[in-house]
Amino acid sequence: MKRQFIVSLSVFAGLVVGAGFFWSHTRAAHAVSETIDFDSERWLIKDPTAKKEEHLGRKSLFLSSNGFASLKDVEFEDGTIEVDVAASTPVEFPGVVFRFLSPDEHELFYLRPHHSGHDDATQYVPAFQGSHPWQIYNGPGATAAAEIPRDQWFHIKIEVTGLTARVWLGNAAEPKLLITDLKHGYSKGSVGITCGAMGAYFSNFSYSTTLPGPHVEPQYPVPHAGTLTKWDLSEAFDAETTNAERLPDTAAMGAMKWLAVTAEPPGMIVIDRYRRSPSMVPPFAFDRSVRLKNAKGTKVVFARTAILSERDQIVKLSFGYSDEATIFLNRQTLFLGKSAWRFRDQDFNGIMDVEHDAVYLPLKRGKNELILAVKEYFGGWGFICRLDNTAGLKFNQ
């Protein structure tokens, strides 16, 4: 019996050693490091104006507005991506895509060379249904200042691990941007490059993969006690036929198809996750004379939630939105705002923040229905609402 136990133990030990060898061998088999020339047939280039040509002494690929180039045969979750970029046009947005499923769904880091030195010279943003909501994901973890040279090769290196990514620029020893919450979560896809506006040049693309670690549930800070996190979203309507400044009648509201959604940290409802943005540059961005005219192609959704009050009272609601919003309480209009890119002036970006606007809600005793009509052009479709005083209130039910 004793001998049998010893034999069994030795067999178990052999299995453990063998499993360890298999694990390390599998890890090595999954670790890939490659430099891919842009002449390779492995590239899928979606840009009819893309050009392979010499630029600044190197072979390069030029991508123009909304062009993409991704590798056909790569499954990337964790690892490193490196590429050199040359900004040689007046306005361009050269970037690196990773965990890339399609131009509609991916993670993206890009540069704004024309904003060199500004706080938003670099940007991380996810793509949801083709929209890049840069007006919503902004500030620490999404944007950072950087000096970006023109007409010379500039290095980008991105290291992706789980829900985080670190970005190095040029020859810097420290990362310029730390992304702590990749918005597609634990996902995988291809790798590649993209550019918006007038286009940029790319050279020396390489990537490496590492075996992903365990998926750990992210820990987020507790939101402000008054944050309204539970909402119902309607389907999207053409803003030409559904007036965002007026609430449809009760029967029309009841006939809508509603989707229950929950806010993401720090309390934002990102409509791009649930409804496809029109992704259209507003006409008033380049023609101030049409600022107050309805633009063809815009969309609007309605969002509703309930607030229960123990008594009649007036409560301050702080909020942010993108791009336009009307606020109704118990079917009465309380607020109308327009915060789209370039609406207020030519330098206005329309960044969303909960402390940008406020309105005072005249709550009645009992149930109160709060409704937002949120209209979108491009750059981020969403809102965030926070009650500054929660005494005698119930919400998020």
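Look up a bit, the structure's there.
Nothing here was measured: the structure is a model prediction, and the numbers come from that model.

Sorry if this is basic, but what is going on with the sheet that holds strand E14 (residues 190–195) here?
Through backbone hydrogen bonds, the strands of a sheet pair up, either in parallel or in antiparallel fashion. Read across the open sheet, the seven strands follow the order E2-E5-E14-E7-E8-E9-E10; overall the sheet is antiparallel. The two strands at the open ends of the sheet, each matched to only one other strand, are strand E2 (43–46) and strand E10 (143–144). With four bridges joining them, E2 and strand E5 (residues 67–71) adopt antiparallel strand pairing. When the sheet's bridge partners are listed, Trp-43 is paired in E5 with Leu-71.

Would you explain the side chain of Asp-120 in this entry?
Examined against the element boundaries, Asp-120 turns out to sit in the loop between strand E8 (105–111) and strand E9 (122–127). The side chain of Asp-120 is buried and forms no salt bridge, while Arg-112, the nearest opposite charge, is found at 4.2 Å. Those residues in contact with Asp-120, other than ones at most four positions away along the chain, are Arg-112, His-115, Thr-143, Ala-144 and Asn-349.

It is not clear to me how the nonpolar core should be interpreted in this structure. Could you clarify?
Side chains of nonpolar character tend, in soluble globular proteins, to be buried together. Counting 38 residues, the largest nonpolar core has Ile-156, Ile-158, Val-191, Ile-193, Phe-205 and Tyr-207 as the members making the most contacts within it. The contact partners of Ile-193, leaving out residues within four places of it in the chain, are Phe-38, Leu-61, Leu-63, Gly-67, Phe-68, Ala-69, Val-83, Gly-95, Val-96, Val-97, Phe-202 and Phe-205. One finds Leu-228, Ile-269, Ile-307 and Leu-329 within the second-largest nonpolar core, a separate group that totals 30 residues.

Would you take a moment to explain the sheet that holds strand E21 (residues 313–322) for this structure?
If you trace the four strands from one edge of the open sheet to the other, you get E19-E26-E21-E24, paired in antiparallel fashion. Looking at which strands have only one partner, the edges of the open sheet turn out to be strand E19 (268–270) and strand E24 (357–363). The average undirected angle you get between the axes of adjacent strands in this sheet is 25°. Two elements, E21 and E24, share seven bridges in a ladder whose sense is antiparallel. Across the sheet, Ser-318 pairs through a bridge with Ala-358, a residue of E24.

About the thresholds
Residues numbered from 1 in each chain as written. Predicted model: local features only at pLDDT ≥ 70, side-chain atom pairs only at ≥ 80, totals over all residues. Heavy atoms only, no water. Pairing = 2+ DSSP bridges. Helix = DSSP H or I, 4+ residues; strand = E, 2+ residues; numbered from the N terminus. Buried < 20%, exposed > 50% of the residue type's maximum accessible area, 1.4 Å probe, protein only. Lys, Arg positive; Asp, Glu negative; His and termini not counted. Salt bridge = Lys/Arg side-chain N within 4 Å of Asp/Glu carboxyl O. Contact = heavy atoms within 4.5 Å. Core = buried A, V, L, I, M, F, W, Y, C linked by side-chain atoms within 4.5 Å. Axes fitted to C-alpha atoms, helices over the stretch in contact; angles between N-to-C directions.

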